Amino acid sequence: MEMPPRTPWFSRLRPLPGGRGRAAVAGGIGVVVAAALALPTPTATAAVEAADAPVAVPCPANLVDKATCYTGRSTDGAYYAIAVPRTWNGSLVMHAHGGPDLGAESDPERSVGDLERWSVMVDQGYAWAGSSYRRGGYGTRMAAADVESLRRLFVREFREPKRTYVHGQSWGGNVAAKVVEVYGADRHGPYDGALLTNGVLGGGSRGYDYRVDLRVVYQYYCRNHPRPTEVQYPLWQGLREGSTMTTAGLRARLQECTGFSSPPAERTALQQRNLDDILAVTKIPERTLESHLRFATFTFRDIVHTRLNGRNPFSDEGVVYSGSHDDAALNAGVQRFSADPTAVRDLSYDSDPTGKVSLPVLTLHAIDDPTAFVEHEAAYRASLRGAKRDEHLVQTFTDEHEHSGLSTAEYANSLAALDRWVRGGKKPTPASIAASCPAFDATYGTGCFYEPAFVPGPYASRVESRPGGLAWPALTAKQEREWSRVPGVGIAP
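*Asks:* Hey, could you run me through the pairing of strand β4 (residues 92–96) in this one?
*Replies:* Every other side chain in a regular strand lies on the same face of the sheet, so the side chains alternate between the two faces. Burial analysis of β4 places 5 of its 5 residues in the buried class, which makes it a mostly covered element. Of the two faces of β4, the one lined by Leu92, Met94 and Ala96 and the one lined by Val93 and His95 are each fully buried. Both β4 and strand β5 (residues 127–131) contribute to a ladder of 4 bridges, which runs parallel. For Met94, the partnering residue across the bridge sits in β5 and is Ala129.

*Asks:* How should I be thinking about the side chain of Glu480 in this particular structure?
*Replies:* Note on placement: Glu480 falls in helix α16 (residues 477–483). On the accessibility criterion, Glu480 (8% relative accessible area) is buried. Among all residues touching Glu480, those that are not within four sequence positions of it are Arg141, Lys178, Tyr349, Thr354, Lys356 and Leu475.

*Asks:* Help me out: how do you make sense of the packing of aromatic side chains in this one?
*Replies:* For any pair of aromatic rings, the description rests on two quantities: the centre-to-centre distance and the angle between the ring planes. A full pass over the atoms with the stated rule returns 15 aromatic pairs. Consider the rings of Phe295 and Phe300, whose centres lie 6.1 Å apart with planes at 80 degrees: the pair is edge-to-face. A relative accessible area of 1% means that Phe300 is categorised as buried. With centroids separated by 5.2 Å and ring planes inclined at 70 degrees, the aromatic side chains of Phe397 and Phe454 adopt a geometry described as edge-to-face. Residue Phe397 is located in strand β9 (residues 393–398), and its partner Phe454 is located in the loop between α15 (430–444) and α16; the two are separated by 57 residues in the primary sequence. By relative accessible area, which is 4% here, Phe397 ends up buried. Look at Phe454 and you get partly exposed, because its relative accessible area is 27%. Three or more aromatic residues link up through ring pairs in this structure, and these residues are Tyr133, Tyr138, Trp171, Tyr208, Phe295, Phe300 and Phe314.

*Asks:* Which parts of the structure should I look at to understand the confidence of the model for the protein chain?
*Replies:* Atom-level detail of predicted coordinates should not be read off regions where pLDDT is low. This prediction gives the protein chain a mean pLDDT of 90; 89% of its residues lie at or above 70. Low pLDDT, under 50, characterises residues 1–39; the stretch is placed with 84 contacts to residues that sit more than four places away or in other chains. Note on residues 43–49: pLDDT is under 50 here. Beyond four places in sequence and across chains, it has 10 contacts.

*Asks:* Teacher, can you tell me more about the sheet that holds β9 here?
*Replies:* Pairing between the strands of a sheet comes from backbone hydrogen bonds, and it takes one of two forms, parallel or antiparallel. Read from one edge to the other, the open sheet built from 9 strands follows the order β1-β2-β3-β5-β4-β6-β7-β8-β9, with strand pairing classed as mixed. The open sheet has two edge strands with one neighbour each: β1 (55–57) and β9. On average, each strand axis in the sheet is inclined to that of its neighbour by 20 degrees, with strand direction left out of account. The pairing of strand β7 (residues 193–197) with strand β8 (residues 361–366) spans 4 bridges and is parallel. Counted as the bridge partner of Leu195 is Leu362 from β8. With respect to the sheet, helix α3 (residues 110–117) is in contact with β2 (67–73), β3 (79–85), β4 and β5, its orientation differing from that of β3 by roughly 30 degrees. Along the sheet face, helix α13 (residues 375–386) touches β7, β8 and β9 and points at about 170 degrees away from the line of β9.

The rules behind the values
Residues numbered from 1 in each chain as written. Predicted model: local features only at pLDDT ≥ 70, side-chain atom pairs only at ≥ 80, totals over all residues. Heavy atoms only, no water. Buried < 20%, exposed > 50% of the residue type's maximum accessible area, 1.4 Å probe, protein only. Helix = DSSP H or I, 4+ residues; strand = E, 2+ residues; numbered from the N terminus. Pairing = 2+ DSSP bridges. Contact = heavy atoms within 4.5 Å. Phe/Tyr/Trp six-rings, centres within 6.5 Å; stacked < 30°, edge-to-face > 60°. pLDDT = per-residue confidence, 0-100. Axes fitted to C-alpha atoms, helices over the stretch in contact; angles between N-to-C directions.

Pasting the structure below:
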């Protein structure tokens, strides 16, 4: 849900299955070949023998004459994109994308779109590699494994970078946090630092509770998802199995109940009251109400039916809803349910941060992020503090109001601050990072909006906690070790 639809910059250049296509493209091949002469290229043996060998392709417009670009498909089925700048500083950024996307297969356009979107990192001299993941749907550890697999492919095909950083945006922040814990726990591991931007850092077992609340509160007021005349199902399923509802159909029902897409003057009194109550109780911004409801519908369906075999990982037992025109009636009438402990275990094992961090982690988050609320950062700090690892964390916050993208100057500045921290060993402060941003803004002109003094409130100040839900981390390293011995634990790749 992180990314709006976009037009790929080379939709006709998708690699053939197995990544063995060849880039013979009129008008673009000259740039690719010229750039390749001065840059590390895939080894001849690997390019011939490896089923997942990268293929040179034209770079997106904002990287032409600056880098050599490649695409391919891993042996696990994940499409990927790689860019190596002409003036390479020797270090690599591994990118973890958000979502999760819900297609059945890996999306060949996702990673190349992300390369175009985060080309600032290549512009700053870093090689960049991003995986589209081997399939759509939920699976945090799967996505983390695909990031690590692509890193190994990069090393095999090019060379060992001086330093390797992992960057994650949105749900990709959760994925990158898992990369740090699973593959970067060793002090001598392959990763040197992490940059998490607008990250969903509360983990899966608690990080979606506000969408659980939206699902049940919406149904209490609207009673059209499902309608009384339709097959009924417990709301934690998101949708019943086999439903043919579309995003357009869901939007029509939301409009019917709340008039959310109409000017206020054109809404009925009942629509306006429904909308006011839903927003007040759930604390979800009006501008992202539809996207949150889509997640609580279609992504919940994927989590429950496809990943957890119909088991329920969600609960609203013990939650006291407030802020409506009649809280007593709401709490008496809202649908209640309890989670299946094995489903909670599997979702938690797959996605919850343990705080087991041993390398520098820098976060950047918009204070008014309407999708991954800034209180996710409080949950992440509490998780690292609970694991006694918060000395590895620096968090920065900006006076911005979007989720899917922040100021380009801030991305460049954040990556530079992380690199200085790693190379020099001196931990930065939010104030020092804010002070270094104008130098990058002189190049990009997108603004620096840091608020160094800002500290987010606890996660429970924004999201109603469930019984026992105040202690962090939600998944301790000890519990993770114990659960790892359970056959079939987690979410299958």
